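Working through the structure, step by step
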Amino acid sequence: MLLRMSTLLLRTLREDPADAEVPSHRLLLRAGYVRRAAPGGYTWLPLGKLVLDRVSEIIRTEMTGIGDQEVHFPALLPAEPYRTSGRWTEYGDDIFTLTDRKGAEHLLAPTHEEMAALLVKDLFTSYRDFPVTLFQIQTKFRDEARPRAGVLRGREFLMKDAYSFDLDETGLRAAYDRHRAAYARIFTTLGLDFTTVHAASGAMGGSGSEEFLAATPVGEDTFVGCTSCDYAANTEAVTTRAPAAGDPHAHRATEVHDTPETPTIASLVELANARALAGRTDWTAADTLKNVVLTVRRPGTESAELLVIGLPGDRDADLKRVEAALHPATVAVFDDWPAHPELVRGYLGPQLLAKHGVRYLVDPRVVVGTSWLTGANEPGRHATDVVCGRDFTPDGTIEAAEVRPGDPCPACGDGELTMRRGIEVGHIFQLGRRFTDAFAVDVLGPQGKPVRPTMGCYGIGVSRAVAAIAEQHHDDRGLVWPAAVAPCDVHVVAAGKGPQLDAALDLGERLAAAGLRVLVDDRTNVSAGVKFTDAELIGIPRAVVVGRRLADGYVELRDRATGERTELPAADALEQLG
Ligand code: ATP
Ligand code: MG
Ligand code: MG
Ligand code: MG
């Protein structure tokens, strides 16, 4: 493959685009990999498309390598299956919905568990057909509350999603482990410094779930790692150990619940008075934590969510806040939306809570996370009573987000937890039978009785991975692609015109003929200086400069990552690079 800069659809930018805050976004725009086309929607330009395709291909190779079969579901889907699974409303404002000319409701798929379950139900009838895993690499649509940082969080993005179907837990566990191992190989090949962390299962439900986080300060996730064992967890999912007998906090577990109907401000206050306030004496007496009840009302609705949080700090002041918050007349304090833009934006994540100095704990049985505040207030579904507190683990099922660095490791008890930030590039779930139950996917078992398969699902943000790689591989001059994903293997720069240009093109053609991906800077309307700057910005691992020394038969080899420059006979370039 040979690309010529003189004709390439590429315009590099000297200045940082005003709206690009994180390095990967800035550099992918400046170096001409992507171009903003719509809010949360990006066009992949030729160089960007090459990287995206290489990343996709690495993923595809690993997926087919573990026996997954590639399919391609439609992205435009009828509402019905998503109503059946409950996700039509569960996703709330996060999905794009539309109505066709006949008035039938549709959605643009945010993910495809329903379709995978239905396809297997459609085609497979016997236990002999299992196990099976399907995957696709496809555009997904999510009406993100905060599209951010270019392709890092788009409203339209490329995902690899896989769905495994097994007859029992052992099979599911094996499929999960297979994907876990494949993901580790993928992210290693992509050149990512990543950590596999325990994750909260959130809206997906199911049991086990892990995320692959690429460490970078601009990541939206916060995770902890242990200094002495390999424990690592998203702070949303730090599992604390079950309380010791006689732990004064243990009884609070019984107060975690789903509210049966759509709560109103008044009912929440009542609830809070009845439950949180009743338990409050214990809390204050225990001298560990002070509870505050925060009632959040969605604008224009009477329904509300309730968050009980524990605030460290001055007890008296906190108690005053408890009283204030619990008094019906003062709910408005927290209903002052303009003063709490972070709440209406819909992301009440660990960062926000940390910012407010909030130590909290989340019951995974209720919907929390990105859909929590923006999601639909479904009766019984969204009455989120998140009870928070210290050392609060009733039966080992409650996951705590209450963690500081420096806290003892919940796994080994020896080490300390350290905190870092990361980008979620992959997520694997042991889903269980949520979707096969919803669609009554039954097959004939060995004894003639029906068996219901159990599912796993496994996602990788393909377009996000490109940004994550850029985030971890750049310097102040531009991108520094790992060889496995670079748009080209070699960047041949013709520093001058005439013989230098001819020699550069000739070398480029010979390198391409030898099977390399080659970009030749054959422009005649820019200076050599501009070409060198662009080459560093674009970030191809190796450059060959064909310049003045060509007259003596020499070219210069430049290594983008190390900055090393070596002169070599032009005649040896092919052999050196091939
Ligand atoms: P996030 O927590 O960042 O919103 P998610 O947990 O909602 O991600 P999943 O449902 O687990 O995402 O989807 C699988 C993968 O798809 C994620 O691990 C991530 O890499 C990618 N992904 C999710 N949302 C986006 C997005 N808006 N833009 C780009 N990639 C995304
Ligand atoms: Mg999300
Ligand atoms: Mg997530
Ligand atoms: Mg996820």
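Each chain has its residues counted from 1, running along the sequence as written. The naming scheme follows written order: chains are lettered A onward, ligands numbered 1 onward. For this predicted model, a pLDDT threshold of at least 70 governs which residues receive local features, and a threshold of 80 or more governs which side-chain atom pairs are given and counted, while totals over whole chains, interfaces and linings are taken from all residues.

The chain appears in an unreviewed UniProt entry as Proline--tRNA ligase from Micromonospora siamensis. Within the UniProt record for the chain, the comment given under Sequence similarities (unreviewed entry) is "Belongs to the class-II aminoacyl-tRNA synthetase family. ProS type 1 subfamily." UniProt positions are given in the numbering used here, feature names are shortened, and annotations may be inferred rather than shown by experiment.

What to know about the overall build of the chain
Counting from the N terminus, the helices are the DSSP runs of H or I reaching at least four residues and the strands are the DSSP runs of E reaching at least two. The number of helices and strands found in the chain is 16 helices and 29 strands. Burial in this document is a count-based property: other C-beta atoms within 10 Å of a residue's C-beta are tallied, and the residue is buried at 20 or more, exposed at 12 or fewer, or partly exposed in between, with C-beta positions derived from the backbone. For the chain, with 578 residues in total, the buried portion stands at 45%.

Looking at the sheet that holds strand β29 (residues 565-569)
The rule for pairing is simple: two strands pair if DSSP sees at least two bridges between them. Sheet architecture is open: 6 strands sit in the order β1-β26-β25-β27-β28-β29, paired in mixed fashion. With one partner strand each, in any of the chains shown, β1 (2-4) and β29 form the two edges of the open sheet. Geometrically, the sheet is characterised by an average inter-axis angle of 25° between neighbouring strands, direction not taken into account. Here the contact rule is simple: place C-beta atoms from the backbone, and any two residues whose C-beta atoms are within 7 Å are in contact. Note on definitions: angles span 0 to 180 degrees between N-to-C directions of axes, and those axes are lines fitted to C-alpha atoms, for helices only across the stretch in contact. Here helix α14 (residues 498-513) sits on the sheet and contacts β1, β25 (490-494), β26 (518-521) and β27 (542-546); the angle it forms with β25, its principal contact strand, is near 165°. Lying over the sheet, helix α15 (residues 528-538) contacts β25, β26 and β27, oriented at roughly 170° with respect to β25.

Observations regarding helix α2 (residues 46-65)
In this model α2 runs 28 Å from its N-terminal to its C-terminal C-alpha over 20 residues, within 8% of the 28 Å that 1.5 Å per residue would give. What α2 keeps buried is the set Leu47, Gly48, Leu50, Val51, Leu52, Val55, Ile59, Glu62 and Met63. A helix's residues, less one, multiplied by 1.5 Å, set its expected span.

As for the environment of Leu98
Here Leu98 lies in strand β6 (residues 96-99). Separated by 78 residues in sequence, Leu98 and Tyr176 have C-alpha atoms that sit 34 Å apart.

A word on the site of ligand 1
Any residue qualifies as near a molecule or strand once its backbone-derived C-beta atom lies within 6 Å of it. Looking at ligand 1, there are 16 residues lining it, with Phe157, His427, Gly459, Gly461 and Arg464 nearest. Elements that contribute at least two residues to the shell around ligand 1 include exactly β9 (156-166), β19 (417-432), β22 (454-461) and α13 (462-472). For the shell around ligand 1, the element with the highest residue contribution is β19, accounting for 4 residues. In this count, Pro and Cys sit with the nonpolar residues alongside Ala, Val, Leu, Ile, Met, Phe, Trp and Tyr, while Asp, Glu, Lys and Arg are called charged and the others, Gly among them, polar. Class assignment for the residues of the shell around ligand 1 results in 3 nonpolar, 8 polar and 5 charged.

What about unusual backbone geometry?
When glycine is set aside, most residues are seen to have a negative phi, and most peptide bonds are trans. That bond from Phe130 to Pro131 is cis: its omega, 0°, falls within 30 degrees of zero. Mapped onto the elements of the fold, Pro131 is located in the loop between α5 (113-123) and β8 (132-141). One non-glycine residue, Ala149, lies in positive phi territory at about 55°. Mapping Ala149 onto the fold places it in the loop between β8 and β9. On the basis of neighbour count, Ala149 is assigned to the buried category, with 22 C-beta atoms found within 10 Å.

Some points on the packing of α2 against helix α6 (residues 169-189)
To describe two helices that pack against each other, one gives the angle between their axes and the distance between the axes. Put simply, α2 and α6 touch, their axes get as near as 10 Å, and they point 155° apart. When the interaxial angle is binned, α2 and α6 end up roughly antiparallel. Seen along the crossing, α2 lies across α6 with a hand that is right-handed. Contacts between α2 and α6 involve Ile58, Ile59, Glu62 and Met63 on the former and, on the latter, Ala182, Arg185, Ile186 and Thr189. Of the residues contributing to the contact of α2 with α6, the split by class is 5 nonpolar, 1 polar and 2 charged. Throughout this description, any angle smaller than 35 degrees is read as roughly parallel, any larger than 145 degrees as roughly antiparallel, any in the 65 to 115 degree range as roughly perpendicular, and the remainder as oblique. Rotating anticlockwise by less than a right angle from the far helix to the near helix defines a left-handed crossing, while the corresponding clockwise rotation defines a right-handed one.

Some points on the environment of Arg510
As for its placement among the helices and strands, Arg510 is situated in helix α14. What makes Arg510 partly exposed here is the crowd of 15 C-beta atoms within 10 Å. Considered as a pair, Arg510 and Leu574 are 64 residues apart in the sequence and their alpha carbons are 7.2 Å apart.

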